[in-house]
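This is what each chain is made of:
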Amino acid sequence: MRSMSAVPADKNKRGFSMAVSYKPQLNYLDFRDLTEQIQFQSTEGKIWFGEQRMLLMHLNALAAFRREMVNSMGVERAKGFFLRLGYQSGIRDAELARKLRPHCSELDIFLAGPQLHSLKGMVKVVPLEIDIDQDTGEFYGKLEWIDSFEVEICQTELGPMDQPACWALLGYACAYTSSFMGREIIFREISCRGCGDEKCVIEGKPAEQWEDAEEFSRYFKADPIMEELYDLQAQLSSLRISLKKQQGQYYGIGQSASYNKVCKMIDKAAQGKVSVLLLGETGVGKEVIARSVHLRSERADSPFVAVNCAAIPPDLIEAELFGVEKGAYTGANQSREGRFERANGGTIFLDEVVELTPRAQATLLRVLQEGELERVGDNRTRKVNVRVIAATNESLEQAVEAGRFRADLFYRLNVFPVKIPPLRERVEDLPLLVEHFLGKFHSEYDKQTLGLSDKALALCMSYGWPGNIRELENVIERGVILTDNNESISEESLFAVSPLVNASPPADCVDTGGKVTCSQSGGGPKDWFEHILGNGISLEEVEETLMRSALERANQNVSKAARLLGLTRPALAYRLKKSGILAET
Ligand SMILES: [Zn+2]
């Protein structure tokens, strides 16, 4: 059991009461690993904390907002909103703490939560007593909150409350600790300056150890008003979906102007009988569009058959498309119908149509002109009524010029060409598509991630997507697989190798003293090795510099420096000796 308990009377030099029976490895007041996560991308209008986008906002504004909420919906409801507000950021910070301190003791990892509360300017947290055992799930915590921003709101805007007032802070503590422990931990404010007590003190333990746990947990469930709204919303969207299905209007997902234009074209094409030619890069969703043409047409109740012409060996394609009679060639042991006969009355989708052999092209032309075909090895003519939707990602005109594609067939197919834009020309649809694929893979893998981190989404928005929607689908699937429940999907879990996106603008960092430092020439995490390689700096020099900086940061404490570098103390000591640094110190 890791524990840290305190005798309140025992003041130590850090200015808060903490008699420690188990010492955290890290100095509680030294959390530069957290401070360093803050980046000001001022020219871009963004502040980052790790991979999450943050806001600097006025406490006054939040105070006014809180007063308005209390006045318009009452204390209980407002309290619920603020508890849930804190809850959301607690979950995210627990994730960050685990990532940033993988090699630390569980107590040091846990303390990142209180430290983050201080770092964000919300409250100074003084741990009085903490018992953690992640293995058994035991938890007890008692902490004091000094200078809570919520108490300040009471003092400036709301006046004294008749119950504890540090709502968002409490929601944060509950979420952070529950996520950290992997079980429901509830904190209560046992005294609060916001309601006239001398101090704000919170106590936390597993939910089942509180008598009124169930009642309290209700605050974390969405508000009844919201639930009703969500219910209505859900009903509305399911009605919309069924309506769309009824009308066969499912085109896939998108709301961008360029995609809407395509949808309008498809609307027009669907009603008629003409062949449709879908043009566009690989992965843009041609089959989805072809299916929607079918669903919107009078043929919706008849079969829709999709064929990728490039996936079928050339010597089999005729038999596959148009059928074969027994004995037509060695191996044709029985007669069978082709895809065109199977699609009779409905629609056939021929993807990569340019791959058809000359003989298959001739038969296809006959189907389009006469509505009839003969199976391979047969001399009986069969009538078929099939609408053809063809697709290609290379220019058919060029194939005609090169003599690979019949000109007369091209004119037949090209009656109604529709160009589907690549994903990079409709990035505004990307968040919708991401949501769609997240939903799909969450249910496929029975998982629930927190979705893309803000940075991961920003990367997706600026990436070129040469493989289009299919590539996006694969990337999201990878992200869902690599991300644990209740964690957000990071850039690294989306892309094995980070794609080169337009060099990101310089970001300012907060130094350990809390000052904003200007970065030099980008200075992003991806640029450092460019800098090293470009300037002919040797591996030895890099190692030496790293070790010197780690020592400096650790106040020449070798054990601490070793931890910073992810090494054992002996391993670092050996390297220090070898490079002659240790002799100097
Ligand atoms: Zn309080």
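Residues numbered from 1 in each chain as written. Predicted model: local features only at pLDDT ≥ 70, side-chain atom pairs only at ≥ 80, totals over all residues. Heavy atoms only, no water.

Visitor: Looking at this structure, how should I read the overall build of the chain?
Guide: When its secondary structure is counted, the chain shows 23 helices and 17 strands. For the chain, the proportion of its 585 residues judged to be buried stands at 44%. Pairs at least 24 residues apart make up 67% of the contacts formed inside the chain by residues separated by at least 6 positions. For the chain, the accessible area works out to roughly 30800 Å², and carbon and sulfur atoms hold 51% of it. (Helix = DSSP H or I, 4+ residues; strand = E, 2+ residues; numbered from the N terminus. Buried < 20%, exposed > 50% of the residue type's maximum accessible area, 1.4 Å probe, protein only. Contact = heavy atoms within 4.5 Å. Areas by Shrake-Rupley, 256 points an atom, 1.4 Å probe, with all protein chains shown as cover.)

Visitor: How should I be thinking about unusual backbone geometry in this particular structure?
Guide: Most peptide bonds adopt trans geometry, and most residues besides glycine take a negative phi value. A positive phi angle is found at W465, which is not glycine, with a value near 50 degrees. What makes W465 buried here is its relative accessible area of 0%. Not every positive phi belongs to a glycine, and N486 is a case in point at roughly 60 degrees. Tracing the backbone shows N486 in the loop between α17 (468–482) and α18 (491–494). N486 sits in the partly exposed class, given a relative accessible area of 42%.

Visitor: Just to check I follow, could you spell out the pattern of salt bridges for this structure?
Guide: As a working rule, side chains carrying opposite charge can pair if their charged atoms are close by. Applying the stated rule across the entire model yields 30 salt bridges. Between D267 and R296 there is a salt bridge, with the nearest N and O atoms lying 2.2 Å from each other. With D267 in helix α8 (residues 257–271) and R296 in helix α9 (residues 286–296), this pair connects stretches of sequence that are 29 residues apart. Residue R296 is classed as buried on the basis of its relative accessible area, which comes to 17%. The partner of R339 in a salt bridge is E320, and the shortest N-O contact between them spans 2.9 Å. Highlighted residues: R339 in helix α11 (residues 339–342) and E320 in helix α10 (residues 314–322), separated in sequence by 19 residues. The same class applies to R339 and to E320, which are both buried. One continuous salt-bridge network, built from bridges that share partners, spans E325, E341, R375, D378 and R382. (Salt bridge = Lys/Arg side-chain N within 4 Å of Asp/Glu carboxyl O.)

Visitor: What's the story with the coordination of the zinc ion in this structure? I'm lost.
Guide: In an ideal octahedron of six donors the angles at the metal are 90 or 180 degrees, and in an ideal tetrahedron of four donors they are 109.5 degrees. Protein-derived coordination of the zinc ion comes from C166 (SG), E189 (OE), C192 (SG) and C200 (SG), at a distance range of 1.9 to 2.3 Å. Metal-centred angles of 100 to 117 degrees between the four donor atoms at the zinc ion mark the site as tetrahedral. All donors of the zinc ion belong to a single chain; written as a sequence motif, their spacing is C-x22-E-x2-C-x7-C. Remark: C200 occurs in strand β8 (residues 200–206) and E189 occurs in strand β7 (residues 185–191); sequence separation between them is eleven residues. Neither residue differs from the other here; E189 and C200 are each classed as buried. (Donors = N, O, S within 2.8 Å, 3.2 Å for Na, K, Ca; no water. Tetrahedral: all angles 85-135°; square planar, octahedral: opposite > 155°, others 65-115°.)

Visitor: Where do I start with a nonpolar patch on the surface in this structure?
Guide: Where nonpolar side chains cluster on the molecular surface, the patch consists of Y445, I481 and L482 and spans about 270 Å² of accessible area. Note that L482 resides in helix α17. In this structure L482 comes out as partly exposed when scored by relative accessible area, which is 48%. (Patch = residues over 30% accessible without salt bridge, like charges linked within 9 Å, V, L, I, M, F, W, Y side chains within 5 Å.)

Visitor: Even after reading the chapter, I still don't get the packing of helix α2 (residues 59–100) against helix α5 (residues 167–181), so can you show me in this structure?
Guide: Think of two packed helices as two axes; the pair is described by the angle between the axes and how far apart they sit. Relative to each other, α2 and α5 sit at 30 degrees, their axes nearing to 6 Å. In terms of their interaxial angle, α2 and α5 are classed as roughly parallel. The element α2 and its partner α5 pack so that their crossing is right-handed. Split into classes, the residues belonging to the contact of α2 with α5 amount to 16 nonpolar, five polar and four charged. (Axes fitted to C-alpha atoms, helices over the stretch in contact; angles between N-to-C directions. Parallel < 35°, antiparallel > 145°, perpendicular 65-115°, else oblique. Left-handed = near helix turned anticlockwise from the far one by under 90°. Nonpolar A, V, L, I, M, F, W, Y, C, P; charged D, E, K, R; others polar.)

Visitor: Explain the side chain of H294 to me, please; I cannot follow it from the model alone.
Guide: Among the secondary structure elements, H294 is positioned in helix α9. Within polar-contact distance, the side chain of H294 engages the backbone oxygen of S302 at 3.0 Å. Within the structure, H294 has its side chain in polar contact with the side chain of T347 (distance 2.6 Å). Among all residues touching H294, those that are not within four sequence positions of it are R299, A300, S302, P303, F304, G346 and T347. (Polar contact = N/O pair within 3.5 Å; in protein donor to acceptor, adjacent residues only side chain to side chain.)

Visitor: Mind showing me how you'd approach the confidence of the model for the chain here?
Guide: Low-pLDDT stretches of the model should not have their predicted coordinates read in fine detail. When pLDDT is averaged along the chain, the result is 84, and 86% of the positions lie at 70 or above. The secondary structure element of the chain with the lowest average pLDDT is strand β1 (residues 2–4), at 49, and the one with the highest is β8, at 96. For residues 246–250, every residue scores under 50 in pLDDT, and the model assigns this stretch eleven contacts once sequence neighbours within four places are set aside. Confidence over residues 520–524 falls short of pLDDT 50; this stretch has four contacts with residues more than four positions distant or in other chains. (pLDDT = per-residue confidence, 0-100.)

Visitor: So what exactly am I meant to see when it comes to α2 here?
Guide: Over its 42 residues, α2 extends only 28 Å from the first C-alpha to the last, a length that falls short of the 62 Å expected when each residue adds 1.5 Å. At G74, α2 shows its strongest bend, of approximately 125 degrees. (Expected span 1.5 Å × (residues − 1). Bend = angle between axes of the 7 residues up to and from the residue.)

Visitor: Got a minute to help me understand the packing of aromatic side chains in this structure?
Guide: Each aromatic ring pair is described using two quantities: the centre-to-centre distance and the angle formed by the ring planes. Inspection of the entire model under this criterion finds 15 aromatic pairs. An aromatic cluster is present here, built from F110, F139, Y172, Y176, F180 and F187 joined pairwise through their rings. Here the basic side chain of R84 rests over the ring of F81, its NZ or CZ set 5.0 Å away from the ring centre. The ring of W210 has R188 lying over it, and the distance from NZ or CZ to the ring centre is 5.6 Å. (Phe/Tyr/Trp six-rings, centres within 6.5 Å; stacked < 30°, edge-to-face > 60°. Lys NZ or Arg CZ within 6 Å of the ring centre and 35° of its normal.)

Visitor: What is the right way to read the environment of C166 from this model?
Guide: When you line up the elements, C166 lands in the loop between α4 (149–158) and α5. Between the C-alpha atoms of C166 and I202, which are 36 residues apart in sequence, the distance is 9.8 Å. Ignoring anything within four residues of it in the chain, the contact list for C166 reads W145, S148, E150, V151, E189, C192 and C200.

Visitor: What is the right way to look at the sheet that holds strand β9 (residues 276–279) in this model?
Guide: Ordered by their spatial adjacency, five strands build an open sheet running β10-β11-β14-β9-β15, and the pairing between neighbours is parallel. Edge positions in the sheet fall to β10 (304–308) and β15 (416–419), since each has one partner strand and no second. Each strand axis lies, on average, 20 degrees off the axis of its neighbour in the sheet, ignoring direction. In the packing of α8 onto the sheet, the strands contacted are β9, β14 (387–392) and β15, and the crossing angle to β15 comes to about 160 degrees. (Pairing = 2+ DSSP bridges.)

Visitor: Just to check I follow, could you spell out the nonpolar core for this structure?
Guide: The tendency in soluble globular proteins is for nonpolar side chains to be buried as a group. Ranked by size, the top nonpolar core spans 59 residues in total, and within it F110, I132, W145 and F187 carry the most contacts. By size, the runner-up hydrophobic cluster in this structure holds 31 residues, among which are V367, V386, A390 and F410. (Core = buried A, V, L, I, M, F, W, Y, C linked by side-chain atoms within 4.5 Å.)

Visitor: Sorry, what's going on with the side chain of N468 here?
Guide: Mapped onto the elements, N468 comes out in helix α17. Within the local environment of N468, its side chain forms a polar contact with the side chain of E281, the two groups lying 3.1 Å apart. Within the structure, N468 has its side chain in polar contact with the backbone oxygen of P466 (distance 3.5 Å). Dropping the residues within four chain positions of it, N468 is found in contact with E281, T282, G283, V284, P422 and L423.

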